[in-house]
Amino acid sequence: MNAVKGKSTAIILLVALATFSVSAQVIYKIVQEDGTVLYTDQPIPGAEPLDLSEVNSAVMPRLATPPSQSSNTEQPEGESYKIEVVSPAPETTVRDNQGRIAITARLSPTANGQFHLWLNNQKVGSQTSGSFMVEGLNRGAHTFFVTATDNTGKTLASSDPQTFYMHQASALVNSGNR
């Protein structure tokens, strides 16, 4: 087992050394009896030299910087936005047999754009106000957060995730006491 581990380490070391000295030396490849491939800089019988004259490289073009856009609705550079969830309060239990809840959020400072409601890691609504009415929720714990984006789709702020609990009365409760 240690011999196999030693061979693996030797192969990795040889490959690493080969990458650093490709331009200076010839690299040989040999397939051993057990099927493992060995790369070396020593001409071992049965080894074939590798042609590494072509180096795989690419030069990336420089990205053009878009011209600055100025408008009256643009916030000053570095403006810090914050979303506050107005309702429900964290860890609230909502009692509604129809599974309805109203979620309200507020962005400070105000900006033009959209509010997006994420409930249980799924986007359930987008609109220009921070007030959402969700219906048809099942009983149990639900986690939500609200994001705000500007008119270009850039995220301005995101609220912290909050959990609420949907409670629905059951027809089975106290049914045995009649």
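Look above for the structure.
Residues numbered from 1 in each chain as written. Predicted model: local features only at pLDDT ≥ 70, side-chain atom pairs only at ≥ 80, totals over all residues. Heavy atoms only, no water.

1. Examining the overall build of the protein
Line of reasoning, step 1. Looking only at helices and strands, one finds one helix and twelve strands in the protein.
Line of reasoning, step 2. Counting helices and strands in the order they occur from the N terminus, the protein gives α-β-β-β-β-β-β-β-β-β-β-β-β.
Line of reasoning, step 3. Put simply, the protein has 178 residues, and 25% of those count as buried.
Line of reasoning, step 4. Considering only contacts within the protein whose residues lie at least 6 apart along the sequence, 54% involve residues at least 24 apart.
Line of reasoning, step 5. As displayed, the protein offers around 13400 Å² of accessible surface, 52% of which is attributable to carbon and sulfur atoms. (Helix = DSSP H or I, 4+ residues; strand = E, 2+ residues; numbered from the N terminus. Buried < 20%, exposed > 50% of the residue type's maximum accessible area, 1.4 Å probe, protein only. Contact = heavy atoms within 4.5 Å. Areas by Shrake-Rupley, 256 points an atom, 1.4 Å probe, with all protein chains shown as cover.)

2. Concerning the sheet that holds strand S6 (residues 101-108)
Line of reasoning, step 1. Read from one edge to the other, the open sheet built from three strands follows the order S4-S6-S9, with strand pairing classed as antiparallel. Two strands in the sheet have a free side with no partner beyond their single neighbour: strand S4 (82-87) and strand S9 (131-134). Each adjacent strand pair in this sheet contributes to an overall mean axis angle of 25°, direction not counted.
Line of reasoning, step 2. Note that S4 and S6 share five bridges and pair antiparallel. Looking at the pairing, Glu 84 lines up with Arg 106 of S6. (Pairing = 2+ DSSP bridges. Axes fitted to C-alpha atoms, helices over the stretch in contact; angles between N-to-C directions.)

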